Amino acid sequence: MRKSRFFIVGIAVGLWASGSFLLLTQEARATKLPMPNLKSQFKKQDLKGTSQVQLQADQVSFSSVDNKADAKGNVVVTSKDQELDCDQLQLDRSIQQAVAQGDVYLDTPQEQVLAQGLTYNFNEHTGEFRDARVYTDPYQIKGQKIEKVSENHMAMDEGYLTTCDLDEPHFRMGAHRMDIYQKDKAVIHGMKIYLGKVPVMYMPYYVQDLKNRSIFTFVPGQSKDFGLFLLTTARLQLNSQAKLSLHLDTRERTGLGEGFDVKYDTPNFGSGLVSAYYTDENLIASSHLWNLYNSQGVKKGPTTHHELYRILWRHRWKIDDSTDAVWQYYKIHDYDIAHNRFLKTYFPREYRQDAQNTNLNTYFLLTRAMPHGTLTFHIDTSRENRPIRGIERLPEVTYTLNNQQIGTSGFYAKSTNTLSNLSYQNYPKTFNEKTLRFDSNNDISHPFKVGFIEFNPHLGGENTYYSRTADLSQRNIIRGMFRGSLDMSTKFYRLWDYQTDFAGLNINGLRHVITPTITYLYQARPTFPSSRLNQFDGIDNLYRIHQFEFGLENKLQTKRNDQIVDLLRALVTTNFGLKGTTGHRGFNPYDAQIDFDPTNWLTFHNTDEYDFHAGHFDFINFDSGVHFKGWAFDVGSLYAHHQGQQMTTQLSYRINPKWAFSIYNRFQVSKPTVGLSSGAENSYILTRDMHEWEMELSLDQQQGHGSTFFVLFRLKAMPNMKLNLLSSTYNRPRPGAQN
């Protein structure tokens with residue numbers, strides 16, 4: 001590893017030196033976009049619908065009349081090599097078109113999309129994204145409306161294109177209208193060049209070349225963990241099928257770091273990424289080298305040495321139209337691997353991206369789409385990273401039968417059958433849990449409509465074989481469980497012929513839609529209790545459920561540009577435990593969500609949960625903002641039981657074309673009863689336009705961490721050279737309540 005370290009350093013230094021002249025003539029681009037988690041594109045689904053489109057969600061209702069499905073809560077839709085995640089979705093299965101809302105994420109081979117809403121056709125790969133950000137290597141696009149006209153053509157209104165992957169890019173090309181032809185060109189109408197938030201150039205018409213080039217970037221800055229630093233990247237297009245990025249970084253508090261990334265695409269065997277990064281960390285105790293010693297000449301603390309590295313290989317191969325294979329090798333060496341210090345400190349963007357689904361395993365996943373279902377073969381092992389060793393599947397084979405009509409009877413059947421060889425071993429080894437498990441989960445339903453109410457009764461059950469249990473005297477047992485439910489729903493609506501553009505509301509008619517839902521669920525007590533099973537996943541943790549689930553959704557809608565827009569959405573859900581249920585009888589905590597977005601200058605969002613039995617709110621969270629030309633104000637509040645209440649505010653104001661300032665405050669309204677308070681924080685930022693430069697004076701005060709003063713200079717323009725000379729990793733606090 002040390003030999004490879006010096007080899008990489010030599011290559012990077014040579015490229016750095018030889019590329020100095022090229023920097024004057026080539027356009028610098030920002031760091032590469034985050035690596036996609038390929039495994040998440042092939043995770044197991046509770047499949048519904050046709051063999052081409054697969055749907056999974058917390059709540060799914062299907063209308064056989066118009067062949068449409070409505071889904072809510074943790075919605076996942078997959079179609080071949082495309083995946084759509086959202087909070088709420090309507091799927092027209094006849095044309096394979098989805099209308100999604102709420103925290104929408106679309107992953108396709110061409111791009112990744114984050115949006116508040118979209119309409120997308122899985123067959124034609126076309127659609128419209130609303131309030132969206134589109135990542136397509138090596139640039140990102142953000143706009144109020146982005147239309148995907150064809151597979152390689154997107155049209156954007158009121159947005160920007162940038163090669164910077166930051167949420168607030170330091171360089172961007174804004175446009176009133178832009179046509180992007182991927183890996184070819186961008187045709188821009190009404191272009192404004194921004195450095196930060198400051199416009200520096202305007203052109204009525206411009207064509208930007210988007211073809212690949214060899215590029216170098218230098219990112220100086222300062223952070224609490226590293227002190228002063230300089231991150232250097234050299235990117236080379238080796239050929240039409242391979243891209244190489246070399247990294248040579250120096251950090252004041254920790255020393256040198258080096259690595260490389262290789263993206264490749266083979267003609268017949270798929271594409272992938274090989275990445276490695278190494279640092280021989282020597283962490284000094286002081287914040288800077290110049291204050292390493294105190295006033296008495298004594299060193300403030302010891303220098304700690306750690307060898308850190310990461311090796312990653314991800315590959316994806318589409319064997320044929322029905323078969324996909326994906327695998328990953330992941331090796332990480334981190335002295336504090338249990339808390340992911342290496343990833344959290346050196347790769348913060350990647351860490352945040354995978355925070356909810358961190359996967360450091362080595363795995364192989366083969367997926368085969370069959371005429372009536374899907375077959376998967378899965379190997380998952382964590383032996384390369386033993387301190388964080390998890391559940392291993394060596395292997396796991398699953399066949400999922402899609403929801404199929406039985407002849408012409410009107411009855412539908414679906415089934416999921418899984419054979420797993422499971423094991424779990426802690427570190428250091430004190431126990432080793434393992435079993436051979438076969439699980440069969442079956443369901444029969446018969447959707448029908450009586451008057452204006454839609455019904456969908458379900459009958460089914462789950463039978464599971466275990467070779468071993470937590471009780472070593474109990475082997476080769478079969479656990480059975482019966483399940484039955486009845487879904488009922490309907491819709492009521494009323495229309496008002498009302499138009500107004502008062503305060504920019506842009507209302508063209510109003511529609512109020514009420515959607516009540518009731519579900520009765522009975523799940524019998526398993527014949528073998530979960531307390532006597534080793535817990536590997538949700539299959540092992542089954543228990544008796546006897547309850548009603550209630551939901552009431554209200555929407556106030558209007559039309560804008562021939563699109564239906566939700567002005568107000570309010571959703572309340574709860575369940576009522578009946579006799580014999582596991583847990584509380586009576587009403588369980590209710591969940592409420594309110595989204596109020598009447599205009600683009602006013603927003604309000606609220607979520608809360610109330611526990612009837614305990615007589616208190618588990619949490620209350622709201623965020624609201626007012627945004628006008630020249631100024632904006634945001635306020636947020638987060639209350640969590642036992643953790644107290646925290647509030648945040650942010651005020652931004654442009655004094656004149658030369659001066660602007662913003663103030664951010666975070667403070668604890670009530671102290672937590674468990675744990676420590678996060679402390680108050682205040683940030684004051686004053687920005688001065690200095691013609692060719694932008695100067696930013698920033699003072700950050702955080703309780704328990706002292707004060708930090710930043711003086712940042714950003715280069716606005718330089719002839720024949722587009723290079724980010726000065727920037728900082730200092731992230732401005734965001735408005736709204738923060739966990």
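Quick caveat: nothing in here was measured; it's all calculated off a predicted structure.

*Asks:* Is there a simple way to explain the overall build of the protein chain in this structure?
*Replies:* Summing up its helical and strand segments, the protein chain has three helices and 41 strands in all. Per-residue burial for the protein chain yields a buried fraction of 46% across its 739 residues. For the protein chain, the exposed surface amounts to about 37,200 Å²; the carbon and sulfur share of it is 58%.

*Asks:* Just checking my understanding: could you explain the pairing of strand 9 (residues 153–162) for this structure?
*Replies:* Remember that side chains alternate between the two faces of the sheet whenever the strand is regular. Burial of strand 9 is extensive: eight of the 10 residues sit out of reach of the surface. By the bridge criterion, nine bridges tie strand 8 (residues 139–150) to strand 9 in an arrangement that is antiparallel. Within strand 9, the residue paired with Lys 142 across the bridge is Tyr 160. Remark: two residues form the turn of the hairpin made by strand 8 and strand 9, two consecutive strands paired antiparallel. As paired elements, strand 9 and strand 10 (residues 171–181) share eight bridges and run antiparallel to each other. By the bridge assignment, Leu 161 is partnered in strand 10 with Met 173.

*Asks:* I would appreciate a short explanation of the pairing of strand 37 (residues 644–654) in the present structure.
*Replies:* Here 10 bridges tie strand 36 (residues 631–640) to strand 37, and the two strands are oriented antiparallel to one another. Its bridge partner lying in strand 37, Val 635 is registered against Thr 649. Between the end of strand 36 and the start of strand 37, which pair antiparallel, lie three residues, with His 642 showing a positive phi angle near 75 degrees. Here strand 37 pairs with strand 38 (residues 659–670) via 10 bridges, running antiparallel. Residue pairing across strands places Leu 651 opposite Ile 663, the latter belonging to strand 38. Counting the residues between successive antiparallel strands, the hairpin from strand 37 to strand 38 contains four residues.

*Asks:* Please clarify how the side chain of Asn 588 should be interpreted in this entry.
*Replies:* By the element assignment, Asn 588 lies in the loop between strand 32 (586–587) and strand 33 (590–596). Taking the relative accessible area as the measure of exposure, Asn 588 reaches 14% and is therefore buried. Apart from residues lying up to four places away in sequence, Asn 588 is in contact with Thr 574, Asn 575, Gly 577, Phe 612 and His 613.

*Asks:* It is not clear to me how the confidence of the model for the protein chain should be interpreted in this structure. Could you clarify?
*Replies:* Should the pLDDT be low somewhere, the predicted coordinates at that spot are not to be read in detail. Residue-level pLDDT values for the protein chain average 81, and 83% of them are 70 or greater. Contacts of residues 1–51 to residues separated by more than four positions or lying in other chains number 142 contacts, the stretch itself having pLDDT below 50. Here residues 715–739 is modelled with pLDDT under 50, and outside its nearest four sequence neighbours on either side it reaches 76 contacts, counting other chains as well.

*Asks:* Please explain unusual backbone geometry as it appears in this structure.
*Replies:* Negative phi is the rule for most residues except glycine; trans is the rule for most peptide bonds. In this structure, Pro 395 follows Leu 394 across a cis peptide bond, with omega equal to -10 degrees. Position of Pro 395 among the secondary structure elements: in strand 22 (residues 391–405). Even without being a glycine, Asn 506 presents a positive backbone phi close to 55 degrees. For Asn 506, the position within the fold is in the loop between strand 28 (492–500) and strand 29 (507–523). The residue Asn 561 is not glycine, and still its phi comes out positive at about 55 degrees.

*Asks:* So what exactly am I meant to see when it comes to the nonpolar core here?
*Replies:* One broad trend across soluble globular proteins is that nonpolar side chains are buried collectively. Counting 39 residues, the largest nonpolar core has Leu 84, Leu 89, Phe 129 and Ile 141 as the members making the most contacts within it. Those residues in contact with Ile 141 that sit more than four places away from it in its chain are Ala 132, Arg 133, Val 134, Thr 136, Ile 146, Met 154, Met 156, Tyr 160, Leu 161 and Ile 180. One finds Phe 229, Tyr 277, Leu 308 and Tyr 346 within the second-largest nonpolar core, a separate group that totals 14 residues.

*Asks:* What am I meant to see in the pattern of salt bridges here?
*Replies:* When the charged atoms of two side chains lie near each other, side chains of opposite charge can form a pair. All chains considered together, the criterion is met by 19 salt bridges. Measuring nitrogen to oxygen at the nearest pair gives 3.9 Å for the salt bridge that ties Lys 555 to Asp 566. A residue pair is termed long-range when its members are at least 10 positions apart, and Lys 555 in strand 30 (residues 545–560) and Asp 566 in strand 31 (residues 563–577) qualify at 11 residues. Among the residues examined, Lys 555 registers a relative accessible area of 12% and is labelled buried. Residues joined in a network through salt bridges with shared partners are Arg 393, Glu 396, Arg 437, Asp 537 and Asp 540.

*Asks:* Before we go on, may I ask you to explain the environment of Phe 226 in this structure?
*Replies:* By the secondary structure assignment, Phe 226 is in the loop between strand 13 (215–223) and strand 14 (227–239). Taking C-alpha positions, Phe 226 is 5.0 Å from Arg 253, a pair spaced 27 residues apart along the chain. If we ignore the near neighbours within four places in the chain, the residues touching Phe 226 are Arg 251, Glu 252, Arg 253, Thr 254, Thr 345 and Tyr 346.

*Asks:* Hey, could you run me through the side chain of Ser 245 in this one?
*Replies:* Considering the arrangement of structural elements, one finds Ser 245 in strand 15 (residues 242–251). Setting aside residues up to four positions removed in sequence, Ser 245 forms contacts with Thr 233, Ala 234, Arg 235, Gly 259, Phe 260 and Asp 261.

*Asks:* Is there a simple way to explain the packing of aromatic side chains in this structure?
*Replies:* For any pair of aromatic rings, the description rests on two quantities: the centre-to-centre distance and the angle between the ring planes. Per the stated rule, a full pass over the model turns up 27 aromatic pairs. Judged by centre distance (6.5 Å) and plane angle (50 degrees), the ring pair of Tyr 277 and Tyr 346 falls under tilted. Placement of the pair is Tyr 277 in strand 17 (residues 271–283) and Tyr 346 in helix 2 (residues 341–346), with a sequence separation of 69 residues. With 6.0 Å between their ring centres and 50 degrees between their planes, Tyr 590 and Phe 612 make a pair best called tilted. With Tyr 590 in strand 33 and Phe 612 in the loop between strand 34 (602–611) and strand 35 (616–628), this pair connects stretches of sequence that are 22 residues apart. Of the residues examined, Phe 612 reaches a relative accessible area of 40% and is grouped as partly exposed. An aromatic cluster is defined as three or more aromatic residues linked by ring pairs; in this entry it consists of Tyr 520, Phe 548, Phe 550, Phe 576, Phe 587, Tyr 590, Tyr 610, Phe 612 and Phe 617. Against the face of Phe 226 rests Arg 251, its NZ or CZ located 4.7 Å from the ring centre.

*Asks:* Whenever I open this one, a nonpolar patch on the surface confuses me. Can you help?
*Replies:* The grouping of Phe 628, Trp 631, Phe 633, Leu 651, Tyr 653, Ile 655 and Leu 686 at the surface amounts to a nonpolar patch, some 580 Å² of accessible area in total. Its place among the elements puts Tyr 653 in strand 37. On the basis of relative accessibility, which here comes to 37%, the residue Tyr 653 falls in the partly exposed class.

*Asks:* What's the story with the environment of Met 173 in this structure? I'm lost.
*Replies:* Summarising the element assignment, Met 173 is placed in strand 10. When the C-alpha positions of Met 173 and Ile 141 are compared, they lie 9.6 Å apart, and in sequence the two are 32 residues distant.

Definitions and limits used
Think of each chain on its own: its residues are numbered from 1, step by step along the sequence as written. Only residues with pLDDT of at least 70 are given local features in this predicted model, and only at 80 or more are side-chain atom pairs given and counted; all residues enter the totals for whole chains, interfaces and linings. The basis for every side-chain value is the complete set of heavy atoms in the structure, and neither hydrogens nor water enter the calculation. Going along the chain from the N terminus, every DSSP run of H or I of four or more residues is numbered as a helix, and every run of E of two or more is numbered as a strand. Buried residues are those whose accessible area, probed at 1.4 Å on protein chains only, stays under 20% of the maximum for their type, while exposed residues exceed 50% and partly exposed ones sit between those limits. Each accessible area is a Shrake-Rupley result for a 1.4 Å probe, and residues are judged covered by the shown protein chains and nothing else. Think of it this way: DSSP has to see at least two bridges between two strands before they count as a pair. Throughout, a contact is declared for two residues whenever any of their heavy atoms are within 4.5 Å. What pLDDT expresses is the predictor's confidence in each residue, scored from 0 to 100. Put simply, a nonpolar core is a bunch of buried Ala, Val, Leu, Ile, Met, Phe, Trp, Tyr and Cys residues held in one set by side-chain atoms that sit within 4.5 Å of each other. Salt-bridge detection follows one rule: a side-chain nitrogen of Lys or Arg within 4 Å of a carboxyl oxygen of Asp or Glu. Two rings from Phe, Tyr or Trp (for Trp, the six-membered ring) form a pair when their centres sit within 6.5 Å of each other. Planes less than 30 degrees apart are called stacked, planes more than 60 degrees apart edge-to-face, and all others tilted. We call a charge positioned above a ring when the Lys NZ or Arg CZ atom is no farther than 6 Å from the ring centre and deviates by at most 35 degrees from the ring normal. Each patch is built from salt-bridge-free residues with over 30% relative accessible area, joining like charges within 9 Å and nonpolar side chains (Val, Leu, Ile, Met, Phe, Trp, Tyr) within 5 Å.

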